[in-house]
Amino acid sequence: FSLTKECESIAISPNDQWIAIASQNDIHLHPLDNVSSKKRLTMHKNTAEDLEFDPSGSHLVSVGDDRTIRIWNTSDWTQKHAIQQHKYDIASVAISPDGQTIASGDDFGNLLFSHLETGRPLYSVNMHRYWPEKNNSNPPTILDLQFSSDGRLAVAVRQRGVIILDGRLTNQTQ
């Protein structure tokens, strides 16, 4: 199959049942055993930028230019939570290996950690503090986030490189 619209991100469920495709402000869901069949989630107001399934496959998390983190139940594809704590467009998302924490990164270098089950924001980290130059005309856009199996978080930042953070940070604003 092919998608006629622009594709921002894809994710495959851990049980290999679904492929999720972020395309413009929609999320297209296709069963891997029948890609011609599909469902569509349409809650993002602007571009859906990134998405990821939790390790159990029971939730899909999507983020986008509407500054919203959306948590979806994969059993019926209903929205479980919408978290609106970012002040800038959200570019990336990752879920911790234990499936409890969502990390989201925005276009101004802010990381937000949220609880997956409750949707409650836990703490935030401003990536500006990791570089000595404070050039706000070129903010450290967070392009990608990946958790390692031991819970450390790799943060890829535009024009600044990669930083590894301890994913077990305390629940306080950094």
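No experiment lies behind these values; they were computed from the predicted model shown.

1. Remarks on the pairing of strand 10 (residues 101-106)
Within strand 10, six of the six residues are buried, which leaves it mostly tucked inside the rest of the structure. Here strand 10 shows no split at all, with Thr101, Ala103 and Gly105 on one side and Ile102, Ser104 and Asp106 on the other all buried. Pairing of strand 10 with strand 11 (residues 110-115) involves five bridges; the strand directions are antiparallel. Residue pairing for strand 11: Ala103 is matched across the bridge by Phe113. Counting the residues in the hairpin turn of strand 10 and strand 11 gives three residues, including Gly109, whose phi is positive at 85°.

2. Observations regarding the sheet that holds strand 7 (residues 69-73)
Spatial ordering of the open sheet is given by 5-6-7-8, a layout of four strands whose pairing is antiparallel. The strands lining the two open edges of the sheet, one partner per strand, are strand 5 (48-53) and strand 8 (79-83). In this sheet, neighbouring strand axes are inclined to one another by 15° on average, regardless of whether the strands run parallel or antiparallel. As defined by bridge partners, strand 6 (residues 59-64) adjoins strand 7 across five bridges and the pair is classed as antiparallel. Within strand 7, the position partnered with Leu60 by the bridge is Trp72.

3. Quick look at the nonpolar core
Across soluble globular proteins, nonpolar side chains show a tendency to be buried alongside one another. Core analysis: the biggest nonpolar cluster contains 16 residues, and Leu111, Phe113, Met127, Leu145, Leu153 and Val155 have the highest contact counts within it. Residue assignment for this core shows that the elements contributing at least two residues are strand 11, strand 12 (121-126), strand 13 (142-147), strand 14 (153-157) and strand 15 (161-165). Counting residues in hydrophobic clusters, the runner-up holds 13 residues, among them Ala20, Ala22, Leu29 and Phe53.

4. Thoughts on the pattern of salt bridges
One pass over the structure, following the stated rule, counts four salt bridges. For Asp66, the salt bridge is made with Arg70, and the minimal N-O distance between the two is 3.4 Å. Taken individually, Asp66 and Arg70 each receive the classification buried, so the pair is uniform in this respect. With a shortest N-O distance of 2.3 Å, Glu117 and Lys80 are connected by a salt bridge. Placement of Glu117 in the loop between strand 11 and strand 12 and of Lys80 in strand 8 is noted, with a sequence separation of 37 residues between them.

5. Structural notes on the confidence of the model for the protein chain
Of the residues in the protein chain, 85% have a pLDDT of 70 or more, and the chain-wide mean is 83. Below a pLDDT of 50 lies the segment residues 169-174, which in the model reaches 14 contacts outside its immediate sequence neighbourhood of four places, other chains included.

6. Examining the pairing of strand 11
Counting buried positions along strand 11 gives five out of six residues, so the element sits mostly inside the fold. By the bridge criterion, five bridges tie strand 11 to strand 12 in an arrangement that is antiparallel. Paired with Phe113 across the strands is Tyr123, a residue of strand 12.

Conventions and cut-offs
Residues numbered from 1 in each chain as written. Predicted model: local features only at pLDDT ≥ 70, side-chain atom pairs only at ≥ 80, totals over all residues. Heavy atoms only, no water. Buried < 20%, exposed > 50% of the residue type's maximum accessible area, 1.4 Å probe, protein only. Helix = DSSP H or I, 4+ residues; strand = E, 2+ residues; numbered from the N terminus. Pairing = 2+ DSSP bridges. Axes fitted to C-alpha atoms, helices over the stretch in contact; angles between N-to-C directions. Core = buried A, V, L, I, M, F, W, Y, C linked by side-chain atoms within 4.5 Å. Salt bridge = Lys/Arg side-chain N within 4 Å of Asp/Glu carboxyl O. pLDDT = per-residue confidence, 0-100. Contact = heavy atoms within 4.5 Å.

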